[in-house]
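# Breakdown of the fold
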Amino acid sequence: MRTDTSPPVRLSNYRPYPFVIEHVQLDFLLEANKTRVINKMTGKRSYGEHALMKLDGEDLKLVSIAINGLAVPEDQYEITEEGISIQMPVDEFILEIETEISPETNTQLSGLYMSGGRFCTQCEAEGFRRITYYPDRPDVLAPFDVRIEANKAAYPFLLSNGNPVRQGNIGTERHFAEWSDPHPKPSYLFALVAGDFDVYNDSFTTISGKETPLSIYVDKGDSQRAAYAMDALKRSMSWDEDVFGREYDLDVFNIVAVRDFNFGAMENKGLNIFNSAYVLADGQTATDTDFEAIESIVAHEYFHNWTGNRITCRDWFQLCLKEGLTVYRDQEFSADMRSRAVTRIKDVIRLRARQFAEDAGPLAHSVRPDEYARIDNLYTATVYEKGAELIRLLRTIIGDTAFFAGLNRYFDTYDGQAATIEDFLNSMQLSTSEDLREFARWYSQSGTPVVSATGTHDTIARTYTLSLKQKTEPTPGQTDKKPLPIALRTALFSNKGKRLTTKLNGNSDDEHLIILRDTQQDFVFTDVSSEPIHSLNRGFSSPIRLEDGLNDANRSALAAADNDPFAQWEGLQTLARNLLLDMVGEEDQTDRLNAFIDAIDEAFTAAIDDPAYAALILRMPTVGELILDQAEANPSSLHTARLKLKRAIARHMESSLVATIQHSETGAFDPSAEAAGRRALKATAIDLLSRLHDEHSDRISSSFHSATTMTEKLAALNALANIEGGSQSGEYFDAALTEFEEEWAEAPLVMDKWYSVQAMSVRQDLRARLQRLCARPDFDLKNPNRVRALAGAFAMNNPVAFHAPDGWGYEFLTDLILKVDDLNPALSARLVTSFESWRRFSADRQIHAEKQLRRLDDANLSKNAQDIITRALALSSN
Ligand code: TRP
Ligand code: ZN
């Protein structure tokens, strides 16, 4: 085991930077192998007698350093692995530092690097220090002026943050551009792009009447594929004005798509940089899921302009201040653009799959942790998704009026500053009479609370006493859990399925908001004439796990009766989850299975006018969700149970599923939520029919060949990949793959899908297939999209193979991590998180997983990967 891990960064050690940077002038002389950066910082001492000025820097070559025009002698500064310390002899200074970097050899995709022959940057969280020496921390804000100089033919477009100032030629071969960003910003929001592009142009007139040119820069020949992203951007700008009262604040707004990128996108001020997967789309090459992701990520990055950029984070412990709030805002945007219920269901599916799993394992941490080892590893589902749930919960608790008043106060008070969660909550506190002190605990306490419910009806008193308990299991480093304020939207139904109007705390209503504050609490409803069935946590009002205390009959009654689509869906999911877990056991579950199928069929038939929702009714909990409810989980037996359930549904609904498939789209491609819903339903029908062995293989194969959209093509291809117990489908699958490859070999984003389908398939020869895929020339370890298409899809979405009892899945992933780590530590660390639930599996699997984790631990990997490995291997606290 490695012992040289550096001590963690602690929130309690926060100190303000002792100098102020009043202005930054950056000059870039761009060359692929040797770029010169001249960084002129104007500033002053801000407090104390600090003689040493420490600047962060990594992989930089210092050329020169001067203070107020005088070269700094060598004995006046010291360079280390982490940066430079300079003796600052004056109170006010112009510090000019020239450095050299090599973008060409930067494979980490952090700092200034090259992607597809173009220069681009990624500075969050700590990439700016790989460009120049600087106080690379989010609480140092300064206005930046940037001058870029480069070869004109190779790099005709030169972009940076803020507003364009001027551009011109230098001789015949070179040119320059100057940009000025008047809004003081931290270094992580800096961006620079240089290269050749096609540009998709449009404009947006802001609410105060300012016409703002908008441009999206993409690969040559791809400009039409940016049309949807542009449309999403304009809708985002307008929605943020309407709903949050936030207007755009620069003369231009630019988005650049790059192929090699570690995340989805980055909100650099005025110059968002995107993973091309979240910009480029048309009906032929992108699925409806891609369109949905583009809409939400374009919105997310745009919304950061206020929640993140105008008000930024004081330190990285406050990451959820910008991310949780911005995810909340993009979720609300999607809900307004599409179906609110369907959006909410998808958000909850995602939360359960990623965040609940994180909370239940060795990587559990709070939304605002108080220490971290590596900042890149803090960009987690907990910070993002649970962070968003907390904003939603806060709004539920204090109500819409107080919520928007509090937000406006937050914007007014902290505009132009670097703030904390306490600042945010204080703004909210000043707008509500609710005491938010206990709510704040949600930010510091990790783990998913489990709420359990029982109810007692008193016929004579006509009361219903709902007894609620909450408990949060210990998590690493946090054994003592305190009660949290948990908001539960609650309704009572009669056993005939009628929603009851009852009284709670003097209010008569058919839905009540309960706030469970203590470990155990009773809530007494009056005016309850007959034994009711309770429906709790409606709309998923709190991010908890619920043990509702109901039986199957109660839940079926609720599912049949509920007029709230989320509650109905959740009721059916709970039925399915319990049934599936019991199907793994010995006892015969035929009667329950049949009853469940009737409930599904009934709900499906009622939902048929809303195909997107109907498709979700037919969705069964995944193996990944089920393992959270099973000790010593065995993915293959969960998979078998799930297959059996899906097979039974398919058999029962066979004719209507076939009819759904035959109903095919005609006319021009329509990306709307309605049309996407119809395609989602069709995809679900194909998936279910593919569970009937080879019986529908012909139909699915011809659906592949006749498909006119990528959504339909991929649905058929996925179905062929997952047919078990037939040989015909195997031939169809290989033929379809060949045809797909011939058509799309030159389209990397489409080929990513081709890789993923295979990585998620259940075909017998999977291990050999994956090895062949890894050996292909287009399997580029430097391209995160490609690596994730194969390894991410395999580890996250093929639980049966990844957790194969002989351990080959773990070994395969480990081999890949060992190759990726040297090139891209952020990516390899991400891949290691696939092991996060390893202790939840059966003993044989744990042995294999631990063996591979030890192999990684012995390999002297990057600090990012080592951080995850160490935490994954640590003895669990519970
Ligand atoms: N702030 C970005 C977002 O939420 C994500 C991000 C963080 C990121 N670190 C990154 C993107 C590193 C790319 C690389 O959208
Ligand atoms: Zn974000």
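Since we're looking at a predicted model, the values are computed, not measured.

Rules and cut-offs
- Residues take numbers from 1 onward in each chain, read along the sequence in its written order.
- Chains and ligands are labelled by the order in which they are written, letters from A for the one and numbers from 1 for the other.
- Reporting in this predicted model follows two pLDDT cut-offs: at least 70 for local features of residues, and 80 or more for side-chain atom pairs to be given and counted; totals over whole chains, interfaces and linings ignore these cut-offs and use all residues.
- To get the side-chain values, all heavy atoms of the structure are used, and hydrogens and water are removed first.
- Each helix corresponds to a stretch of at least 4 residues labelled H or I by DSSP, and each strand to a stretch of at least 2 residues labelled E; elements are numbered beginning at the N terminus.
- The quantity called the radius of gyration is restricted to C-alpha atoms. Its globule counterpart is 2.2 Å times the number of residues to the power 0.38.
- Here a residue-residue contact requires only that any non-hydrogen atoms of the pair lie within 4.5 Å.
- Residue-level accessible areas treat just the shown protein chains as cover; the underlying method is Shrake-Rupley with a 1.4 Å probe.
- Positive charges come from Lys and Arg, negative ones from Asp and Glu, while His and the chain ends are left out of the count.
- For the purpose of locating charges, the reference atoms are NZ of Lys, CZ of Arg, CG of Asp and CD of Glu.
- Every axis corresponds to a line fitted to the C-alpha atoms, with the helix fit spanning only the stretch in contact, and the corresponding angles, defined between N-to-C directions, vary from 0 to 180 degrees.
- We call two directions roughly parallel when the angle between them is under 35 degrees, roughly antiparallel when it is over 145, roughly perpendicular when it lies between 65 and 115, and oblique otherwise.
- The sense of a crossing depends on the near helix, which, turned anticlockwise from the far helix by less than a right angle, makes the crossing left-handed and, turned clockwise, makes it right-handed.
- Three categories are distinguished: nonpolar for Ala, Val, Leu, Ile, Met, Phe, Trp, Tyr, Cys and Pro, charged for Asp, Glu, Lys and Arg, and polar for the others, with Gly belonging to the last.
- Each residue gets one of three labels from its accessible area relative to the maximum for its type: buried under 20%, exposed over 50%, partly exposed in between, using a 1.4 Å probe on protein chains only.
- Note on pairing: DSSP must find at least two bridges between two strands before they are called paired.
- The source of the domain bounds is an automatic or database domain assignment.
- Between Lys or Arg on one side and Asp or Glu on the other, a salt bridge is scored when a side-chain nitrogen of the former is within 4 Å of a carboxyl oxygen of the latter.
- Any Phe, Tyr or Trp ring, taking Trp's six-membered ring, that has another such ring centre within 6.5 Å forms a pair; planes under 30 degrees apart are called stacked, those over 60 apart edge-to-face, and the others tilted.
- Remark: a charge is flagged as sitting over a ring if the NZ atom of Lys or the CZ atom of Arg is within 6 Å of the ring centre and within 35 degrees of the ring normal.
- We define proximity as follows: a residue is near a molecule or strand when any one of its heavy atoms falls within 4 Å of that partner.
- By the criterion applied in these results, polar contacts are pairs of N or O atoms within 3.5 Å in which, for protein atoms, one can donate a hydrogen and the other can accept it, and in which residues neighboring in sequence qualify only through two side-chain atoms.

Attention now goes to the overall build of the protein chain. A count of helices and strands for the protein chain gives 27 helices and 33 strands. Expected size for 878 residues packed as a compact globule is a radius of gyration near 29 Å; at 28 Å, the protein chain falls within 12% of this value. Here the C-alpha coordinates of the protein chain stretch approximately 90 × 65 × 60 Å along the principal axes. Considering only residue pairs separated by 6 or more positions, the protein chain has 71% of its internal contacts joining residues 24 or more positions apart. On the protein chain, roughly 33900 Å² of surface is accessible, and the fraction owed to carbon and sulfur atoms is 48%. If the 93 positive side-chain charges of the protein chain are averaged to one point and the 131 negative ones to another, these points end up 1 Å apart.

So, about the packing of helix H20 (residues 748-759) against helix H21 (residues 766-775). Their axes nearest at 10 Å, the elements H20 and H21 cross at an angle of 155°. Between H20 and H21, the angle is such that the two are roughly antiparallel. H21 is crossed by H20, and the crossing has left-handed handedness. For the pair H20 and H21, contact is made by Trp754, Tyr755, Gln758 and Ala759 and by Leu766, Arg769, Leu770 and Leu773, respectively. Of the residues assigned to the contact of H20 with H21, the class counts are six nonpolar, one polar and one charged.

The element strand S27 (residues 486-493) is extensively covered by neighbouring structure, given that seven of its eight residues are classed as buried. Pairing between S27 and strand S30 (residues 512-516): five bridges, direction antiparallel. Residue pairing for S30: Leu488 is matched across the bridge by Ile514. Judged from the three bridges that link them, S27 and strand S32 (residues 533-535) form a sheet pairing that is antiparallel. What sits directly across from Ala491, in S32, is Ser535.

With respect to the element layout, Val63 can be found in strand S5 (residues 61-67). When the C-alpha atoms of Val63 and Arg36 are compared, they prove to be 8.9 Å apart, with 27 residues separating the residues in sequence. Beyond its immediate sequence surroundings of up to four residues, Val63 is in contact with Arg36, Glu98, Thr99 and Glu100.

The next thing to look at is the domain arrangement of the protein chain. Along its sequence, the protein chain is organised into domain 1 (9-290), domain 2 (312-444), domain 3 (450-542) and domain 4 (565-873). Relative to domain 4, the C-alpha centre of domain 3 lies at a distance of 36 Å.

This brings us to the pattern of salt bridges. In total, this model carries 83 salt bridges according to the counting rule given. The partner of Arg392 in a salt bridge is Glu389, with the nearest N and O atoms 3.9 Å apart. Of the two residues, Arg392 and Glu389 both sit in helix H5 (residues 381-398), three residues apart, roughly one turn of that helix. Take Arg392 and Glu389: they sit in the same class, and that class is buried. Beyond isolated ion pairs, a larger network of salt bridges with shared partners links Glu332, Asp336, Arg340, Arg344, Glu389, Arg392, Arg395 and Asp400.

Sheet architecture is open: eight strands sit in the order S6-S5-S9-S3-S2-S12-S15-S14, paired in mixed fashion. A strand with exactly one partner marks an edge of an open sheet, and here the two such strands are strand S6 (70-71) and strand S14 (163-170). Here strand S2 (residues 19-29) runs beside strand S12 (residues 142-151); their pairing, made up of six bridges, is parallel. Its bridge partner lying in S12, Phe28 is registered against Ile148.

Time to look at the sheet that holds strand S18 (residues 211-218). Pairing is mixed in the open sheet, where five strands are placed in the order S17-S18-S19-S21-S20. Of all strands in the sheet, those with a lone pairing partner are strand S17 (198-205) and strand S20 (265-266), marking the two edges. Strand direction decides the pairing type here: S20 and strand S21 (residues 271-275), joined by two bridges, are antiparallel. The residue of S21 that forms the bridge with Met266 is Ile273. Across the sheet, helix H2 (residues 288-303) touches strand S19 (253-258), S20 and S21, and the angle it forms with S21 is around 150°.

This brings us to the packing of aromatic side chains. Any two aromatic rings considered together are summarised by their centre-to-centre distance and by the angle between their planes. Following the criterion strictly, the structure yields 45 aromatic pairs and no others. Look at Tyr410 and Phe424: their rings are 5.1 Å apart centre to centre, the planes differ by 85°, and that puts the pair in the edge-to-face class. With Tyr410 in helix H6 (residues 400-414) and Phe424 in helix H7 (residues 421-429), this residue pair connects regions lying 14 residues apart in the sequence. There is no split in this pair, since Tyr410 and Phe424 are both buried. Among the aromatic side chains, those forming a connected cluster through ring pairs are Trp239, Phe244, Tyr248, Phe253, Tyr302, Phe303, Tyr328, Phe333, Phe403 and Phe404. A cation over a ring is seen here: Arg246 above Trp306, with NZ or CZ 4.8 Å from the ring centre. Above the ring of Phe704, the side-chain terminus of Lys713 is found at 4.2 Å from the ring centroid.

Around ligand 1 sit 14 residues in total, of which Glu124, Glu267, Glu301, Glu323 and Tyr384 are the nearest. A distance of 2.5 Å separates a nitrogen atom of ligand 1 from a polar side-chain atom of Glu124. Lys322 places a polar side-chain atom, nitrogen or oxygen, 3.5 Å from a nitrogen atom of ligand 1. Out of a free accessible area of 360 Å², ligand 1 has 95% covered by protein chains. Within the residue set of the shell around ligand 1, elements represented by two or more residues are S20, H2 and helix H3 (319-337). Of the residues in the shell around ligand 1, the class split is six nonpolar, three polar and five charged. In terms of domain composition, the shell around ligand 1 takes at least three residues from each of domain 1 (9-290) and domain 2 (312-444).

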